[in-house]
Amino acid sequence: MKRFFSLLPFVALFLLTAPAQTPRRVIIDTDPGVDDAMAILLALNSPELKVEALSVVPGNVEAWQGLENALKIVSLAGRCDVLVAGGAQHPLNQKLITAQYWHGKNGLAGVELPASKCKADARWGPDLIIEMVHKYPHELTLIPVGPLTNIALAVSKDPSIVPLVKDIVIMGGSITGGNVNGAAEANIHNDPEAAAIVFNAGWMVTMVGSDVGERTIITRKHLTDLGSQHGPESGFVAQLADFYITRSEKSGYSGAAMYDPLAVATVIDPTLVTLKDMHVDVETKGEFTRGETVANRMGSNENNVLHGDHYEIEGAIPLKPNARVCLASDADRFLKLFVSRIKGK
Ligand SMILES: [Ca+2]
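Overview of the structure.

Concerning helix H6 (residues 149–157)
Thinking step 1. Three or more residues of H6 are buried, namely Thr149, Asn150, Ile151, Ala152, Ala154 and Val155.
Thinking step 2. If you follow the buried residues of H6, they end up packed against strand S1 (24–30), strand S2 (49–56), helix H5 (125–135), strand S4 (140–144), strand S5 (167–171) and helix H8 (192–199).

Comments concerning the pairing of S1
Within a regular strand, the side chains alternate between the two sheet faces.
Thinking step 1. Within S1, 5 of the 7 residues are buried, leaving the element largely enclosed by the surrounding structure.
Thinking step 2. Pairing of S1 with S2, which is carried by 7 bridges, proceeds in the parallel orientation. The residue bridging Arg25 from the neighbouring strand is Lys50, located in S2.
Thinking step 3. The parallel pair S1 and S2, bridged by helix H2 (residues 34–44), forms a crossover whose chirality is right-handed.
Thinking step 4. Where S1 lies against S4, 5 bridges are found, and the strand directions are parallel. Looking at S4, one finds that Ile27 is bridged to Leu142.

A look at the pairing of strand S6 (residues 205–208)
Thinking step 1. Side chains Val205 and Met207 project from S6 onto one buried face, and the interleaved Thr206 and Val208 project onto a second face that is buried too.
Thinking step 2. Pairing of S6 with strand S13 (residues 323–329), which is carried by 3 bridges, proceeds in the parallel orientation. Directly across from Thr206, in S13, lies its bridge partner Arg324.

With respect to the nonpolar core
Thinking step 1. One finds Met38, Leu54, Ile218, Phe236, Val264, Phe334 and Phe338 to be the most contacted residues of the largest nonpolar core, which totals 62 residues.
Thinking step 2. If you tally residues by element for this core, the top one is H2, at 9 residues.
Thinking step 3. In contact with Phe334, other than residues within four places in its own chain, are Leu42, Thr216, Met258, Pro261, Leu262, Ala265 and Leu272.
Thinking step 4. Counting residues in hydrophobic clusters, the runner-up holds 38 residues, among them Leu142, Ile161, Val165 and Met278.

The rules behind these values
Residues numbered from 1 in each chain as written. Predicted model: local features only at pLDDT ≥ 70, side-chain atom pairs only at ≥ 80, totals over all residues. Heavy atoms only, no water. Buried < 20%, exposed > 50% of the residue type's maximum accessible area, 1.4 Å probe, protein only. Helix = DSSP H or I, 4+ residues; strand = E, 2+ residues; numbered from the N terminus. Contact = heavy atoms within 4.5 Å. Pairing = 2+ DSSP bridges. Right-handed = clockwise from strand over helix to strand, strands pointing away. Core = buried A, V, L, I, M, F, W, Y, C linked by side-chain atoms within 4.5 Å.

Below, the structure is given as structure tokens:
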């Protein structure tokens, strides 16, 4: 008997580390968006995930266009069971900056999908997030792949959701320069105040940034592979990828950054990325740096103490990490996963 009890910790450890038998429940908060559409279809075609809902946030396109796009995407996939809700209409504290330049006039590379057979949920996106977190405590993973407006509104309205969320994996930020300007990544740049609320909410934010997305690119080789079979979803993704790669080539890149799909893939298979715990602050002022994610790679700040007319360094003050920052991805393995999940659908 004594021997059995001495084994209990090991049995418990095995149960905790055994592969999950049931899919992970996720909510994707999205501003669709070419790479959003790819990310949503990757999630809907991955048995590791159960997509409970899409909440729509203004970003790449205005809120109404994003909601229409989200509804058309779930309809194309034959998945009207997935709740789709509109949310915020604008960023918390600034004017919206849309990105038709990168995503086409309707946000979906100008591709006109059939009218949606699915209907929008009547609830407001942040309220839907709050309700779902309470419905499935410790089970839901949030995957925000747009500006963080809806998530900030949800945690501000009901901070009790923070410890009840299983995980939050965002596409946003960067620790080595931006994609909007020298400092800021687009999702954070589009609502820095919301991002600051989310990073300071008290949970660990997994941050899949633009710097890693830009090293995880879809190329014409993958496009040929995708186009080798013809289904409604693979055909749509091939059209999106063609537009997106062409746009990126015109800007001097050899392929298109898989920003949002990499965030979804990080939830499907965390071994695809390398993460490091850091403390991240969001710059909300700054002459050149509004919207920058300022990551502390040392885990501490110098402690400067006033001595007469000057300060002296007296050691360092440790910082509590609030983010798991993505440093690298296994791009080849990710692209294989992406193409295989979309192909033939
Ligand atoms: Ca997005």
